[in-house]
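The lines below spell out each chain.
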Amino acid sequence: MDIKMNELRAIEGDLGVSLDVLVKAIEDALLHAYLRMPGAVHGARVELDQKSGAISVIAPEFDEEGNVIGEFDDTPNNFDRIATATAKSVITQHLRDAEADRVLGSFRHKRGEVVSGVIIRHAGRDAESRDLLVDVGEHEAILRATEQVPTEHLGHGDHIKALVPEVAVGPRGASVRLSRTHPDFVRRLFEAEVPEIQSGTVEIVALAREAGHRSKIAVYSDDPDVNPKGAAIGHNGQRVRAITAELRGEKIDIVDYSDDPAAFITAALSPANVVRVDIVDAAHRSARAIVPDDQASLAIGKEAQNVRLAAKLTGWSIDIRKVSEDNAQ
């Protein structure tokens, strides 16, 4: 079968995509399709003749001992239909990628980063919609209601920061999605505010968040001269206060990470004091924290939020027990 090379050359001219790149992409995609077919020969290759557009599958021929002694044409009889669909798919993908570069430019590579913007209006025709359009410079991004912190009330003209979890170009055009609820939003804010985290001297090992209410982060450094918790908090709490302000008052607990589960769980239950932690079932990561009677409600937290976040942070199931209950046993 033949691929229409004039179409590929037209794309090369219109989009500036190298013909060799297109041919290689088609050959790779067709080889993947061939290897999924019954009787496919391992080690085969696909060749696309750039002059004629002819497609061939060239397979190695082996002797009884498994040595390659030659090659033969193993192009399947029904390969023309597959090749046509594959070539179309490859061309469509390159067109989509080119459109993404044209529409989004450098913003396409902002995925996973924090950007600043100004809320310009509500999105959608529904008057009740809480989705918001945000001007982030050269583009408009959408901050859906589900990505907004429930305790925040955002409106036209508000300046905000948000994480970019997704940048894509689909059938309806370019799409930039924002989030202020994603746990990585807190992570990126700390990376920007704390030089030691940005440089890798201090590592955020774990992070648990209930957006708008509380976040817990566990930090660690293998540098004995660095206090990871102190670095994250900053002088007089300056660094963590800046992040709390950006999160509109969301509480943040910063704790030291430890390889010792009992020590890590003790730290994770901050601000409550813990007498000791018993490992109930190491295989199932189950533990019991013994706390002073007057610290039980603090350890559990309002609506069990503190112990729930501590469990998410550590990856352990945590049962809170008062000292009086423990002594009664």
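Once a new chain begins, its residue numbering starts again from 1 and follows that chain's sequence as written. Local features in this predicted model are restricted to residues of pLDDT 70 or higher, and side-chain atom pairs are both shown and tallied only at a pLDDT of 80 or more, whereas totals for entire chains, interfaces and linings draw on every residue. Excluding hydrogens and water, the side-chain figures rest on all heavy atoms present in the structure.

Before we go on, may I ask you to explain the overall build of the chain in this structure?
Looking only at helices and strands, one finds eleven helices and 14 strands in the chain. On C-alpha atoms alone, the chain measures out to a radius of gyration of 29 Å, which is more than a quarter above the 20 Å that the 2.2 N^0.38 rule sets for 329 residues. Overall, the C-alpha framework of the chain stretches about 85 × 60 × 45 Å when taken along its three principal axes. For the chain, the residues scored as buried account for 40% of the 329 residues in total. Here the analysis covers contacts within the chain between residues at least 6 apart in sequence; of these, 54% occur between residues at least 24 apart. Here, Shrake-Rupley sampling with a 1.4 Å probe gives the accessible areas, and only protein chains in the shown set may cover a residue. Here the chain displays about 18300 Å² of accessible surface, and carbon together with sulfur accounts for 47% of that area. Put simply, DSSP marks the helices as runs of H or I at least four residues long and the strands as runs of E at least two long, and each gets a number from the N terminus on. As a reference, a globule follows 2.2 Å times the number of residues to the power 0.38, and the radius of gyration itself is taken over C-alpha atoms. Whether a residue is buried, partly exposed or exposed follows from its accessible area with a 1.4 Å probe, protein chains only, as a fraction of its type maximum: under 20%, in between, or over 50%, in that order. Whether two residues are in contact is decided by their heavy atoms, any of which lying within 4.5 Å being enough.

Any chance you could explain the environment of His284 here in plain terms?
The topology assignment puts His284 in the loop between β12 (276-281) and β13 (286-291). Classification of His284 by relative accessible area gives exposed; the value is 63%. Taking the C-alpha atoms as reference, His284 lies 8.4 Å from Ser317; in sequence the two are 33 residues apart. The definition of a polar contact used here is a pair of N or O atoms within 3.5 Å, where within protein one atom must be able to donate a hydrogen and the other to accept one, and adjacent residues in sequence count solely through side-chain atom pairs. Side chain to side chain, His284 and Asp281 meet in a polar contact 2.9 Å long.

What am I meant to see in the pattern of salt bridges here?
One side chain can pair with another of opposite charge once the charged atoms of both are near each other. Salt-bridge detection follows one rule: a side-chain nitrogen of Lys or Arg within 4 Å of a carboxyl oxygen of Asp or Glu. Counted under the stated rule, the structure contains 20 salt bridges. Here Arg177 and Glu166 are joined by a salt bridge, their closest N and O atoms 3.4 Å apart. One end of the pair, Arg177, is in strand β8 (residues 173-179); the other, Glu166, is in strand β7 (residues 159-170), with eleven residues separating them in the sequence. By relative accessible area, which is 22% here, Arg177 ends up partly exposed. Classification of Glu166 by relative accessible area gives partly exposed; the value is 36%.

Keep in mind that these numbers describe shape and distance, not what the molecule does.
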